[in-house]
Each structure stands twice: as C-alpha cells, then as structure tokens.
Amino acid sequence: MSKQIIVPFGPQHPVLPEPIHLDLVLEDEKVVDVVPSIGYIHRGFEKLVEKREFTEYVYIAERTCGICSFIHGATYCQGIEQIMNIQVPERAEYLRVIWSEFSRLHSHLLWLGLFADAFGFENLFMGAWKTREKVLDFFEETTGGRVIQGTSKIGGVRRDISGERLDRMVKDLDDLDREMKELTDVFLHDDSVKHRLRNVGTISRNDAYHLGAVGPTARGSGVAIDLRKSGYGAYDRLNVPVVTDSCGDCYSRCAVRAKELFTSTDLIRQAVKKITEGPIDVKVTGAPDGEYFMRAEQPRGELVHYLKGNGSKFLVRSRIRTPTLTNIPPLIKMLQGCELADVPVIVLSIDPCISCTER
Amino acid sequence: MVYFEMVKTALKTVLSKPATILYPVQAAKKTPLSRGHVVQDGSKCISCSICVKKCPAQAIVLDKEAKTWQINRFRCVVCNSCVDTCPAKCLSMDTQYTAPATAKGVETFAITYVKPAKPEKKDEQKQ
C-alpha cells in the first residue's frame, strides 16, 4: 500500500460556484476516501420564520436559492395552504406550473453551461448561457424579476399572464426548442464530450437508491423517481414523462438533464393548453395552526419544506431540506476510487447548490 | 465518430452580432414590469406605516414627528410588497435599477401631505 495523503478541495475552487469543502484522501492519484464539510454560508433562514409574519416569509423563502427561487416560494405557499385548507384557483395552479418549468429550464441550462466549463468546453458554456438568457427575459417580462420572481403568494399568485402573452410564449418555445436541440446535440453526440464523461463517477442503481439520491442524480442511475408524478398542484392534470438513463456515470446525469429540457417545454405547452380563465388568488384570513411536510420537485431533485404554526402570525418552526444535501452521500460514493483529475467534473455532476443546502 | 459538433453553432455566432450589450454605455434591458427601485410620493403619503410593517427586509423607517420616510436601498430586496399594500398609492415601482454607490446610506423623502381640514358644517348650522 502506498502512502496516503490528504488534499483539500474547496471551499474556493475554480469549478465550484459555491463553497463546499472536501478532504480528499489520496493514494498516488487515486481518491480512496472523501470527507465533506459544509457550513460556509449558513444564513439562518429557518430561524427568521419566528421574526417575520407568515405572509411576508414568502419573499424570504424565495431567496433561499438564487436558481430555483420560484419553486422554493411556491412550495412554501403550498405548505401553508395545506395547513390552512385553502383551495387555490385553477389558473393560479397552472401559472405556478408554467413558472416552475421555466425555472427548471433556467436551472438546467445554467448547469449545462457550468458543466461544459468544468470539462473545459468554454464555447459550449457561453452557448448554454446565451440560450438561458431567453428564459430570463421571459421571467422579467411576466414577473418583473430575472432571478427572483416574487410572484408566489399564499392563496395564489401575484401576477397574471395575459392570454395573448401565453400564445406568444408558445410560439417562442419553438425557437427555444430549436436552439436547445442544437446545444444538447453537442452534449449528447460529440465524442470529445463523451470521452470525458463516460465511465467517470459511476454509481450503481442500488447505491443511488440506498444512499438517498434524488432528482437527475438518481434518474441518471435508473431510479425513476420524480415528485411531479405524485401530482401536487396542477401536475395531476398533466402528463409528466420521467427521463431516466441506466449507466449512472457523469454522461448519464448530463443526458438526463439535457433531455429534461424538452419535457419542461412540453409541460409548459400542456399547461397553456389546459389553463382556464378565472381568478388568480383567494383571500386568506386567519393564521396557520398545524404542521405539514410539503414536497416538490426542484431542478435538482426533491425539496421538502416542513412548516409548523400555532395559530399566531409567526410560524413556530420551518425546516428546509434541499436536494443537494441528500445528494452528498451518493457524491462521496462516486468519488471513491476516481482519479484526482476527475474530481471537479464529478462534484459538478450532482449540480451542487450549497447556498440552498445551508439555508 | 462525431467530432466538431459545435462548429456549426460557433460559425453562426462568429457571423452574428454580439449577444451582450455594453452596459452601462447602453441601457440595460427592461420591461414595464421590471422591478428597479421603490419611489415614494411625499404629497400622497398618509403616514399609516403599513409599508414599514409589511417590509420583509425591514428597510423602511417612518418618522411621524419629523415627517420623513426613509428607505435603506442596501436592505431593500425590491419585492414589491410595500407597493402592493400601500393604501394611499403613494409608493410606486420604477423600472430603472439604482446606480451603484460607494458608501452605504439611507435615502430620505419628506412627507408633505397635509390632512384636509374637516368641513365645519355643524358649526355653521349652530350659528
């Protein structure tokens, strides 16, 4: 046995958009063990729930993450609505689906760009972010914010999208689809990309399932779990295809995300077709008394918001469990036995969102 | 074997105009809904302080004695909550972002609203 050395990876590393620290135990160039540590950007969001009224906390819940912000806000609202037995108007539910799916497009395009950057394909990185800009423009035009939308509220949504704008959006989606097809073709078919990603960071279906992988990390190993299938919000009226890939390596996880872009545009089209006219919100009176676990599918996997109220305007407890937290144990498994040079690509392949994880 | 899949896209990009704009020389993109910064109209403000209570970032301070309305732009998260809840409609959302600053500080607006005097009908009737 050769001598073991420990190489620190992060919290500051060119490939990491956010700080996570990994102690890599190496034997020559091979990683034998990994010790992760988080805690660099804890912001105390969960404690803040005691200081802000439950109606104002929506804005704070949304700011948990800068990428899937809309889904955080909507999940929090859905949790409170479940505690208070509020029936949200149908139009609001469909609007939430439309914005959630656009969030997914935004997140996956951002990740594809970052991933391309991680394996050294700068041009592809720029291309992905150029396409993402169209999604951000849509957000700004319909909600007023590019990254933080601020349209969720308890009892519905704060802004409506006109029928004429929805029709125009569907037409724009065709252009977006074409552009994304061109982009994902490079990820899926180019041999230089395949060569870099195939058989790197492989995790078996069994390991992924038992270590609690969620989202594209699990689906990339053939575990077909997607919370949208459980039919929260308006998803029960839509046909949600679950994209899976069986290999469990970096390429599979990349392919799942690339293909999910098209399921998202498909879901938006379905939602626009089924959307009904009507009010977008209902009046909320009283305060939440009870507790609820609200689960939703984020771009990275399953998100859980636990909320507990005691009938006052301030909640007693909020607990947010983000998908990246549950994807860390599978990440450790992927890293064991890999080469040191593959570590950045593998770490990025789970789409780590550390700010969300530490809240 | 498929290599150079990106070439078509790269050539298209070389021949097209840049996707970026020269900010701040060129103005940033904005839409009628864009949330830039909150503007207060002192002539309409009734000093009800609902905006202070509804601000999730606690960025607004209202002084009824000194008749001033202050906003800390560095705390404000531009969520539109105050604009939505203002009963006197004295707050509005400007689409332009605030300019970068080198020092933190608060912006103060004077409240010039004067409560209209109640019509003295009863007195007239007595006389």
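Just so we're clear, the structure is a prediction, and the values are computed from it rather than from any experiment. (Residues numbered from 1 in each chain as written. Chains lettered and ligands numbered in written order. Predicted model: local features only at pLDDT ≥ 70, side-chain atom pairs only at ≥ 80, totals over all residues.)

Draft legend 1. Structural context of the overall build of chain A. Of the regular secondary structure elements, chain A holds 13 helices and eight strands. Computed over its C-alpha atoms, the radius of gyration of chain A comes to 21 Å, within 12% of the 21 Å expected for a compact globule of 359 residues. Across its three principal directions, the C-alpha atoms of chain A cover 70 × 45 × 30 Å. A sequence separation of at least 24 residues applies to 69% of the contacts in chain A between residues at least 6 apart. (Helix = DSSP H or I, 4+ residues; strand = E, 2+ residues; numbered from the N terminus. Rg over C-alpha atoms; globule rule 2.2 N^0.38 Å. Contact = placed C-beta atoms within 7 Å.)

Draft legend 2. Highlighting helix α5 (residues 122–143) of chain A. Compared with an ideal rise of 1.5 Å per residue, which puts 22 residues at 32 Å, α5(A) spans 31 Å between its outermost C-alpha atoms and is within 8% of the ideal. All buried positions along α5(A) are accounted for by Leu124(A), Gly127(A), Ala128(A), Thr131(A), Arg132(A), Val135(A), Phe138(A), Phe139(A), Thr142(A) and Thr143(A). On an axial view of α5(A), the arc spanned by its buried residues comes to 150°, and they lie on one face. Looking at the buried residues of α5(A), the elements they touch are α4 (90–118) and α6 (163–189) of chain A together with α1 (7–15) of chain B. At the C-terminal side of α5(A), Gly144(A) shows a positive phi close to 100°. (Expected span 1.5 Å × (residues − 1). Buried ≥ 20, exposed ≤ 12 C-beta atoms within 10 Å, placed from the backbone. Arc of directions from axis to C-beta.)

Draft legend 3. Inspection of the confidence of the model for chain A at higher detail. Of all residues in chain A, 100% have pLDDT values of 70 or greater, and the mean over the chain is 88. Here helix α13 (residues 354–358) of chain A stands out as the least confident element of chain A, with mean pLDDT 82; helix α10 (residues 250–274) of chain A is the most confident, with 91. (pLDDT = per-residue confidence, 0-100.)

Draft legend 4. The arrangement of the sheet that holds strand β6 (residues 289–298) of chain A in detail. Residues and elements named next belong to chain A. Judged by pairing direction, the sheet is antiparallel, and its three strands sit side by side in the order β6-β7-β8 without closing on themselves. A strand with exactly one partner marks an edge of an open sheet, and here the two such strands are β6 and β8 (315–321). Across the sheet, the axes of successive neighbouring strands diverge by a mean angle of 10°, strand direction being ignored. Those strands touched by helix α11 (residues 323–335) are β6, β7 (301–310) and β8, and its axis lies near 130° from that of β7. (Pairing = 2+ DSSP bridges. Axes fitted to C-alpha atoms, helices over the stretch in contact; angles between N-to-C directions.)

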